[in-house]
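# Results of the structural survey
Listed below, chain by chain, are the residues.
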Amino acid sequence: MSHSLPRLAAPALLLALAACAGAPQQGAFLSSYEGLTPRTDMVRAGALDRSDPAALAGITTVRIEPTVFSPRAEAKAWMTPAEQTALLREVDAQLCFELSERFEIAGANAAPQTPQVRAAVTEVIPTGRAGSAASAAAGFFIPGPIGVRVPGTLGGLGAEAEMLGPQGQQVAAIVWRRTAGAIGTDNPSLSRIGDALQFVEPFADAAAAAMTPEDHTPRSITAETDPCREFGARFRVEGFGARFITGLYVPEVSAARPAEAAPEGDPATQP
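Rules and cut-offs
- Residues numbered from 1 in each chain as written.
- Predicted model: local features only at pLDDT ≥ 70, side-chain atom pairs only at ≥ 80, totals over all residues.
- Heavy atoms only, no water.
- Helix = DSSP H or I, 4+ residues; strand = E, 2+ residues; numbered from the N terminus.
- Buried < 20%, exposed > 50% of the residue type's maximum accessible area, 1.4 Å probe, protein only.
- Lys, Arg positive; Asp, Glu negative; His and termini not counted.
- Salt bridge = Lys/Arg side-chain N within 4 Å of Asp/Glu carboxyl O.
- Contact = heavy atoms within 4.5 Å.
- Polar contact = N/O pair within 3.5 Å; in protein donor to acceptor, adjacent residues only side chain to side chain.
- Pairing = 2+ DSSP bridges.
- pLDDT = per-residue confidence, 0-100.
- Disulfide = S-S within 2.5 Å.
- Phe/Tyr/Trp six-rings, centres within 6.5 Å; stacked < 30°, edge-to-face > 60°.
- Lys NZ or Arg CZ within 6 Å of the ring centre and 35° of its normal.
- Expected span 1.5 Å × (residues − 1).
- Bend = angle between axes of the 7 residues up to and from the residue.

## Some points on the overall build of the protein
Each helix and strand counted, the protein has seven helices and ten strands in total. Considering the protein as a whole, with its 271 residues, one finds that 45% of them fall into the buried category.

This is the structure:
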């Protein structure tokens, strides 16, 4: 009988993860929603996307516009200005990290015809702080990377992005949504935007994948040439350590460096 437990647990875990992939809703932000088709390779997120391979093949440089809230993003009504700024900056950071591995990132003085990437946050579901500490405590008694979140703690994120070509035409787009799972690897957080911040990276990864030219060669990036260094380190050791010790996602050491914390005179912060 004991040998059947792993076989029973695996389907249950997949069902729990699939529950995180809520249907994404259009946020009235993209220049066009025509031609979007469901992504079938995602388990924990729901997404619709489209790409124009021929148009993407000729794009080597992009300009990343500052992320905004969608016109239909009622979510920001409950968020403080500091929470709104932190979330938008994390989207800017993760898109920069992902896209810079595929394209040269143009500065503020780029030519008007430079292809641009636009993104918007369309939905933010608050993370329940009261139960997150209990979830973290429970994690100490569950061996392995899979944790359990108590009811009322599960937050989420909805976002969308597009790339516009030299003539302003849409060459790639994505509509994406994910909510935290009761069983899985999503860390609880004492921050109301903890889950949303954690899900920015997989959103940016999915967006960049939709915008990636076929047979592209990854770009080499060093600390000295990193166009995204104003956001801080790409791999945040302090955040990983905090999660390992406390079982919690801690934005202060896990999210992008605030704009005011960028070193004065850093070339990456200059136009």
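## Some thoughts on the side chain of Glu160
Examined against the element boundaries, Glu160 turns out to sit in strand E8 (residues 156-164). Of the buried charged residues, Glu160 lacks a salt bridge, with Arg118 as the closest side chain of opposite charge at 7.6 Å.

## Some points on the environment of Gln84
Relative to the helices and strands, Gln84 resides in helix H3 (residues 81-100). Every residue in contact with Gln84, bar those within four places of it in the chain, is listed here: Phe69, Lys76 and Met79. A distance of 3.1 Å separates a polar side-chain atom of Gln84 from the backbone oxygen of Lys76.

## Considerations on the pairing of strand E9 (residues 170-179)
The buried count for E9 comes to ten of ten residues, which makes it a mostly enclosed element. By the bridge criterion, six bridges tie strand E2 (residues 46-51) to E9 in an arrangement that is antiparallel. Counted as the bridge partner of Ala47 is Trp176 from E9. In the sheet, E8 pairs with E9 via nine bridges, with the strands oriented antiparallel. Its bridge partner being in E9, Leu157 is matched across the sheet by Arg178.

## Observations regarding the pattern of salt bridges
When the charged atoms of two side chains lie near each other, side chains of opposite charge can form a pair. The final tally for this structure, using the stated rule, is ten salt bridges. The partner of Arg192 in a salt bridge is Glu83, with the nearest N and O atoms 2.6 Å apart. Here Glu83 lies in helix H3 and Arg192 lies in the loop between strand E10 (183-184) and helix H5 (194-210), a separation of 109 residues in the sequence. According to the relative accessible area criterion, Glu83 is buried, its value standing at 14%. Residues Asp226 and Arg234 are paired through a salt bridge, measuring 2.8 Å at the closest nitrogen-oxygen approach. Asp226 gets classed as buried once you look at its relative accessible area, which sits at 7%. The network of salt bridges with shared partners includes Arg39, Asp41 and Asp49.

## Structural notes on the confidence of the model for the protein
When pLDDT is averaged along the protein, the result is 79, and 72% of the positions lie at 70 or above. No element of the protein has a lower mean pLDDT than helix H1 (residues 5-18), at 40, and none a higher one than strand E3 (residues 61-64), at 97. Low pLDDT (under 50) marks residues 130-147, which in the prediction has 30 contacts with non-local residues, meaning those over four places away or in another chain. Counting contacts from residues 264-271, a segment whose pLDDT is below 50, to residues more than four positions away or on other chains yields eleven contacts.

## A look at the state of the cysteines
Enumeration over the complete set of coordinates arrives at one disulfide. Here Cys96 engages in a disulfide with Cys228; their sulfurs sit 2.1 Å apart. In this structure, the disulfide formed by Cys96 and Cys228 twists by about -90° around the S-S bond and is classed as left-handed. In this pair, Cys96 sits in helix H3 while Cys228 sits in the loop between H5 and helix H6 (237-246), placing the two residues 132 residues apart along the sequence. Residue Cys96 is classed as buried on the basis of its relative accessible area of 4%.

## Things to note about unusual backbone geometry
Unlike most non-glycine residues, Asp215 shows phi in positive territory, near 55°. Relative to the helices and strands, Asp215 resides in the loop between H5 and H6.

## Observations concerning the side chain of Thr127
As for its position among the elements, Thr127 is in the loop between strand E6 (116-125) and helix H4 (129-139). Side-chain polar atoms of Thr127 contact the side chain of Asp195, separated by 2.9 Å.

## Quick notes on the packing of aromatic side chains
Each pair of aromatic rings is reported with the distance of its centres and the angle of its planes. Scanning the model with the defined rule gives two aromatic pairs in all. For the pair Phe97 and Phe231, a centre-to-centre distance of 6.5 Å together with 85° between the ring planes defines the contact as edge-to-face. Within this pair, whereas Phe97 is found in helix H3, its partner Phe231 is found in the loop between H5 and H6, the two being separated by 134 residues in sequence. Geometry around Phe29 places Arg118 over its ring, the cationic atom sitting 4.1 Å from the centre.

## Regarding H5
Its 17 residues place the ends of H5 26 Å apart at the C-alpha level, agreeing with the 24 Å of an ideal helix rising 1.5 Å per residue. Approximately 30° is the largest bend angle found in H5, and it occurs at Val200, with the proline Pro202 only one to four residues beyond. Within H5, 13 of the 17 residues are buried, which leaves it mostly tucked inside the rest of the structure.

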